[in-house]
There are 4 protein chains.
Amino acid sequence: MIIGVDEDDYSRSVYTQQDVYDSIFFAINQYHQLKNVSLGTLGYEHDEDDGSGLKICKQQYKKGTMLPSNDTLNIDVAIETDCIRLEPQALANKKVNDLDIKNSSFFNLEFYRLIQVELSFKLKGIDLQTIHARELPDCYAFQNTITFNNKAHSGKVKIYFDSDADIQECKDWYISGSIVQKNTQYILVFDGFVIVSCFASLILCTRSIILALKLQKRFVNFFLEKYQRHVCHADRLEFINGWYVLVIISDMMTIVGSILKMEIKAKNLTSYDVCSILLGTSTLFVWVGVIRYLGYFQTYNVLILTMQASLPKVLRFCCCAGMIYLGYTFCGWIVLGPYHEKFEDLNTVAECLFSLVNGDDMFATFAQIQQKSTLVWLFSRLYLYSFISLFIYMILSLFIALITDSYDTIKKYQQNGLPVTDLHEFLKECSSIEYGKELQASVPFICCCGSHRRRQSDDSLILIN
Amino acid sequence: MIIGVDEDDYSRSVYTQQDVYDSIFFAINQYHQLKNVSLGTLGYEHDEDDGSGLKICKQQYKKGTMLPSNDTLNIDVAIETDCIRLEPQALANKKVNDLDIKNSSFFNLEFYRLIQVELSFKLKGIDLQTIHARELPDCYAFQNTITFNNKAHSGKVKIYFDSDADIQECKDWYISGSIVQKNTQYILVFDGFVIVSCFASLILCTRSIILALKLQKRFVNFFLEKYQRHVCHADRLEFINGWYVLVIISDMMTIVGSILKMEIKAKNLTSYDVCSILLGTSTLFVWVGVIRYLGYFQTYNVLILTMQASLPKVLRFCCCAGMIYLGYTFCGWIVLGPYHEKFEDLNTVAECLFSLVNGDDMFATFAQIQQKSTLVWLFSRLYLYSFISLFIYMILSLFIALITDSYDTIKKYQQNGLPVTDLHEFLKECSSIEYGKELQASVPFICCCGSHRRRQSDDSLILIN
Amino acid sequence: MIIGVDEDDYSRSVYTQQDVYDSIFFAINQYHQLKNVSLGTLGYEHDEDDGSGLKICKQQYKKGTMLPSNDTLNIDVAIETDCIRLEPQALANKKVNDLDIKNSSFFNLEFYRLIQVELSFKLKGIDLQTIHARELPDCYAFQNTITFNNKAHSGKVKIYFDSDADIQECKDWYISGSIVQKNTQYILVFDGFVIVSCFASLILCTRSIILALKLQKRFVNFFLEKYQRHVCHADRLEFINGWYVLVIISDMMTIVGSILKMEIKAKNLTSYDVCSILLGTSTLFVWVGVIRYLGYFQTYNVLILTMQASLPKVLRFCCCAGMIYLGYTFCGWIVLGPYHEKFEDLNTVAECLFSLVNGDDMFATFAQIQQKSTLVWLFSRLYLYSFISLFIYMILSLFIALITDSYDTIKKYQQNGLPVTDLHEFLKECSSIEYGKELQASVPFICCCGSHRRRQSDDSLILIN
Amino acid sequence: MIIGVDEDDYSRSVYTQQDVYDSIFFAINQYHQLKNVSLGTLGYEHDEDDGSGLKICKQQYKKGTMLPSNDTLNIDVAIETDCIRLEPQALANKKVNDLDIKNSSFFNLEFYRLIQVELSFKLKGIDLQTIHARELPDCYAFQNTITFNNKAHSGKVKIYFDSDADIQECKDWYISGSIVQKNTQYILVFDGFVIVSCFASLILCTRSIILALKLQKRFVNFFLEKYQRHVCHADRLEFINGWYVLVIISDMMTIVGSILKMEIKAKNLTSYDVCSILLGTSTLFVWVGVIRYLGYFQTYNVLILTMQASLPKVLRFCCCAGMIYLGYTFCGWIVLGPYHEKFEDLNTVAECLFSLVNGDDMFATFAQIQQKSTLVWLFSRLYLYSFISLFIYMILSLFIALITDSYDTIKKYQQNGLPVTDLHEFLKECSSIEYGKELQASVPFICCCGSHRRRQSDDSLILIN
């Protein structure tokens, strides 16, 4: 039996009628012999409302004759669905002959009008592994479906296996031999502690941001009244500490993630993915936040400063490069799609091109384009050579030029001081006499300003551009 | 049976006489059992003029004896071709014994004089998949050829499978159960709309180019008469907007491509490749054209400016680097060709070297060169180390130097203004009094010039070199 | 039999009960037929105290019934271990029937409570290969264990093979036909010579370092007394020659490594790994040390100078980049762990990301993430695109900026001379008259200083920053 | 039968006694059935002096008993060789029973003392493929050897197949049906033409070099007499045109290569490799030589100029980096050799590290190191991370810094003119009056100098350092 593996969608393919029959009967057989075959602690599900056992459904066009030799076609495209149900008990008890099933009219498939065959069955399992960790075992219910997909009528039947698991508490358990207990309380305490501390951090940071916004408002008004000048946007932004925003986002993610984690632990929820994405992203932000403390040392914050200084340029540059990239992506998808599996999908083309720029296996990509059509072959060479040359030799080099340029600017600022804005001018002369006199009314503001001064001068570097 | 896979030309290879016979009889067998084996809606073709069924032809040298043990050879190199035809019906009805065929004298192949065996047969198929999209099914005629190629007489017989498909409208169809209709009119309307708008864009851009050329002519004459100066080539080029040229090319491609697409839809043509290349390339150009609009923001057009500023240098540089590259390509092909599959073909060598420079799987390339000949092994090491070092460490670094240099130039221009040419000088003083007096005769020209001024000043940046 | 290969831990997996039985009996069978199967010179071990033969142990939960269909579970988690021993002689002599073993109650495994089956046996072998080198053959004792691990109760049984070898001198050997002798004395002499010369080098370098430290102390005191100035840390460090430290470490490693090597040769020790790591690292240091002599030529030491000048910056920069890297590592591990084998392990994630930055097979990494959960799929794209873009386009470019900057600094120093420190000032005027007079008391010091001067001026370059 | 493939040396491995016997008898069998199995035109060789047929030799230690269980060993290491010869005719005629051979005492191998089994046989073949090209067919004699290597006595027998081909003219041939003729005369004429033109080029270039050397001598003497100044080495080198040297080398290689090619065509020689290396390298040089003509345009020779300007720096830099590279190579070989196939061989380690730096599959290299010994595993991580970081982040970046620096220098020279040497000073004033008067005696020299001037000024750029 030749079974093709289609890696992209985890399906298998069969190409002959015999292989389809063999595959179906193999699945039925394995289902019936479950107890003797499986190494896992699996059993059949007895579901009252839905019935139990193996349900086999075939979908086919209602009727039809097709004589490809005469280009003749007579088909009723209404789809009829036909199902049978095989009980595991029945089979085990009454020793239903395997041949009986195979010869039944149901399994006399007419492939020219067959659309799909679907085998679905439910299994239950007990996960004993948790016993090692002195936790209670979990019980699972699996809803499995095997689909033989002939929708394309292309001579290839794709076989998909799909399994959905539901976690449940075991109804009836008795475990002796050692004290098994749900020692999840310690983890719960830890989770609670995490939530509480994140909440505290969240509140403090939010308070700082709010105070900063108030201060900004007062500063803007003050400037407007005294000097009849509007404070520029960049100066306004300096009041808001970007790190605090990062901490707030990270904290919120951690809190929601931890609550989800506790719910999952308590088996009320199964949204592992959402939980892991929230907790994972917050971890990323926490680590990134550590750079802030490194930034207090002048020499350490080159990375952050250069990245922030070059970010607007890089983004603008990426816009332009992205246009060309998008153009190549669409062009490759349209032209090379039918000839190369990496170009089958718009999303895959983008990944393939991105990988090629960053040093992926180029020769294989070149070689896989079928040489059947000379025109397409020539196009593919032109396409790949031009894309790679353009992106590796010109665009990547321009990135280096952009970053080197930003680094030089930052270095110059670190040596010569920053370009002075209204805010800095104000802060500089804030404690000097002249300003002092004018601003006697707003003494608390000045104090506050004084205490903020050190941090602001660090931050001011960050907010250039 | 050992069947080797030769990935480069999608052929299979067999190495023993038994395997050749088995392969031939397997193909015959599968053809006869088509109905019982195939999952697709396939049928035999009944072609009156060409006959039907499976046609098997063998080509061999007319006669010969060959005694390799005695270095003796007696051969008539005239090629004789011998064919038989196996009818599917005949076989099915009369139950022709498989053994009869196998033992027939035709299949008593004398491999020392056999050149090739060719199995050719026609099949017809109906593509039902379109029914899902509520379109009419298509009928296909497949012309298949299986070739057992022994031309090399090297002890290896290569097997090729080749299939050509012709799309046809089905002659006789009756589909009930749901309203199936050729709902292609919407797509046709859309295609028509695309063609019309591209045509409009094409005309407008062509008009702009023509007007610009006229303006250029007048400007050149004016300059020659008034100042006795010839306008330099660069200044003349500034009148032609490169973006318009891009749009024109893109539009023409889209129009031709869309017409082809409509013809393919109407099943009059099957040149998918030409159509997809035209539409794909025009898509690429459209996306690249978007950069133009980004270029209206001063800070956004760094990519385009730097690319255009560095392009002449890069091209000149590529000429030189290309010489060394070509030298290495030829050298590798000549020396390493017989020892490494990546060096078998001039075209493949170029791809392999290009991939190596851009970070391909180097170790595998190193390792695959057989260590049989120490001299070649040493040469291959010298060749690869020198090529990679030269190109990655020197030439790629020079690219970066070139681009960085161009970026610095562009940055300086953006800060200090451009170097002034005759045209700019003229445009600058165009609205000032002195020029104005002199040019009173050509007032409409000046207005035109004035309206063009803004755009030109953007473009002028682009045309620096 | 379907046997899955898990590449990461060199295990195999089986999925059905029959496969488990087959694997166990295959192992037993091969053990009994050792003499007829193996090509090596292997024999059974007769161990008095431990017994001999094949020991099979199964671990299982004490008792239990499990009805997954009813979510019912009754298990005694106390683990009972049951062993049998199969004597090779017994089997060979008495022709114990294979069937007897297979049908014994021991092999009636109840998989739902089975934890693991372990087959352990000892073999002895003689390594004849050494005879070619005219050395005595070695005898080995192998302790082999085959483990069928069902701890997860997941339906997959993992099979591990583990073999530990002990080298022993053969007890009783008689070799005729050619004079076999332990000609290891020459190697011993060579090892001894290496140790002696490394020891000499070690002593000399240590002496230099100690003298330099003394000189430094005197210099510091002298400066404090005469000029009331503290000598800065950088100036102090200049007294210690970094190369000498490298030589000392290298020498110590070589000495310890060589002693280990002699012990291994004499079959007293088997710690090959420690020995090879010591000797390998010392070789690396010796080669690096060669650069020192190249550094005596002004133009040659650009690499070392630039590396040393940029090292502090690079390290500081790596701290910051490392935070982001760590963040991505943790985030990837938490979120993508269950979906991609490269993200299963924290250590593997780090390697995978590091490899991706340096041009690894990106497309494969993209493609392998299962498309089952759209959320995770989207996250993975965002994660990979952002990580690769950030690290390749920004951080790698910043590295280039850092190094280019350092190179320019070094080049400027080489042209214009170094920035002058106290020490250099002192050394410069050391031989001039004014200083000379003041320092008459410390003439020997000045001479010493004079002789050191040339080397110091070289070193001073190295110790910038 | 489990047959392992060892990719590095094109061998196969077997692990059981049965597999060894099966492999031997399969080879014997295939040899006997050659006519019925092979697809090629092969026959047995009848060699009078050497005998014909299949020669099987086994080498084993003279006698021995080995009881690994008791660590007991009694062996006579003298090697005895035992051979039998199986005639193909004999076997075919007398229908020697296969079983007779298998049961013969010769094939009763005692593996504990067996060293190797060697099957050798000669075959003759006729290459008919040339008939298509209307050339005469070639006859080949193949000397084949199959070696079962048990030297290691490790339980694994390696099987090597080695085939040497000798090309011969067929003794006795009669080809009818079409005019077959050795139409090699055209190729001979072409080869002759190539040789003659290369010879002409060689003579002219040599003459130029000799004249240039004479001119140099006169210039040196003239300078010494008139100005009492020695001409510096760089000025002397400017007289010798490096391109001419390249052309001379290329020409000599082409001539020798073409002569070899003609000899191979005439079947007097079979040194394909030497011929292809000579012709390939000369092709490389010819293409590189084309750059010279591009260099006549000022703007085109940036690549060559920058490469030549940076070459000394790069080479000096490579010396230093090479030391660290060598250190890592040795260190990796010593420590990781037994754990990773890429580190088995000093040469392979160098290739692997070189590939890693240039973007090879890193993750696979990381992953393949067995995790058995934690110490080695830790070392390997440290080794790989440090090596890759050092080389990719620091050394590759320094390359870019070096090249960028050289490019800037070249650009400055192109804008501001070159630094002036004695020769240029002299050439500059060569045609001016003052010099002219002094040098009236050497007028022909000055003319010559004048004619050389243009070329020299181009070359002078090239020879900067």
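Before reading further, recall that the structure is shown in the block above.
Residues numbered from 1 in each chain as written. Chains lettered and ligands numbered in written order. Predicted model: local features only at pLDDT ≥ 70, side-chain atom pairs only at ≥ 80, totals over all residues.

## Describing the overall build of chain A
A count of helical and extended segments in chain A gives 15 helices and 9 strands. Restricting the contact set of chain A to residue pairs at least 6 apart, pairs at least 24 apart contribute 65%. (Helix = DSSP H or I, 4+ residues; strand = E, 2+ residues; numbered from the N terminus. Contact = placed C-beta atoms within 7 Å.)

## Considering the pairing of strand β8 (residues 157-169) of chain C
Residue and element names in this part refer to chain C. In this structure, strand β2 (residues 11-14) lies alongside β8, joined through 3 bridges in antiparallel fashion. Along β8, the bridge assignment pairs arginine 12 with isoleucine 159. Strand direction decides the pairing type here: strand β7 (residues 138-149) and β8, joined by 12 bridges, are antiparallel. Counterpart to threonine 145 in the pairing with β8 is aspartate 162. (Pairing = 2+ DSSP bridges.)

## Observations regarding the packing of helix α9 (residues 302-336) of chain A against helix α12 (residues 374-416) of chain A
All names here are of chain A. In the contact formed by α9 and α12, the axes pass within 9 Å of each other and the chain directions differ by 170°. With respect to α12, the axis of α9 lies roughly antiparallel. Classifying every residue of the contact of α9 with α12 by side-chain character gives 19 nonpolar, 6 polar and 1 charged. (Axes fitted to C-alpha atoms, helices over the stretch in contact; angles between N-to-C directions. Parallel < 35°, antiparallel > 145°, perpendicular 65-115°, else oblique. Nonpolar A, V, L, I, M, F, W, Y, C, P; charged D, E, K, R; others polar.)

## Brief notes about helix α5 (residues 185-227) of chain A
Residues and elements named next belong to chain A. Taking 1.5 Å per residue as the helical rise, α5 with its 43 residues ought to reach 63 Å, and the 62 Å between its terminal C-alpha atoms agrees with that figure. Lining the buried residues of α5 we find α7 (242-265). Directly beyond the C-terminal end of α5, a positive phi value near 55° is found at glutamine 228. (Expected span 1.5 Å × (residues − 1).)

## Some thoughts on the relation of the copies chain A and chain B
The two chain copies are connected by a rotation around an axis plus a translation along it. With an RMSD of 0.1 Å, the operation that places chain A on chain B is a rotation of 90° combined with a shift of 0.1 Å along the axis. Given the turn and translation reported, the copies of this chain are related as if by a four-fold rotation axis. In terms of proximity to the rotation axis, the leading residue of chain A is glycine 359 of chain A, whose C-alpha is 3.4 Å off the axis. Comparing interface residues between copies, only 7% of those in chain A also lie at the interface in chain B; the contact surfaces differ. (Least-squares fit on C-alpha atoms with pLDDT ≥ 70 in both.)

## Considering the interface of chain A and chain B
Taken together, the contact between chain A and chain B spans 60 residues of the former and 64 residues of the latter. At the level of elements, α1 (17-32), β4 (54-67), β5 (72-86), α9, α11 (362-368) and α12 of chain A are the ones that each hand at least two residues to the side of chain A that touches chain B. Residue composition of the side of chain A that touches chain B, grouped by class: 38 nonpolar, 15 polar and 7 charged.

## Details of the packing of α12 of chain A against helix α8 (residues 272-294) of chain B
Close contact between α12 of chain A and α8 of chain B brings their axes to 9 Å; oriented N to C, the two are set at 25°. By the angle between their directions, the pair α12 of chain A and α8 of chain B is classed as roughly parallel. The handedness of the crossing between α12 of chain A and α8 of chain B is left-handed. From α12 of chain A, Leu375, Val376 and Phe379 of chain A reach across to α8 of chain B, where they touch Asp273, Val274 and Ile277 of chain B. Residue composition of the contact of α12 of chain A with α8 of chain B, by class: 5 nonpolar, no polar and 1 charged. (Left-handed = near helix turned anticlockwise from the far one by under 90°.)

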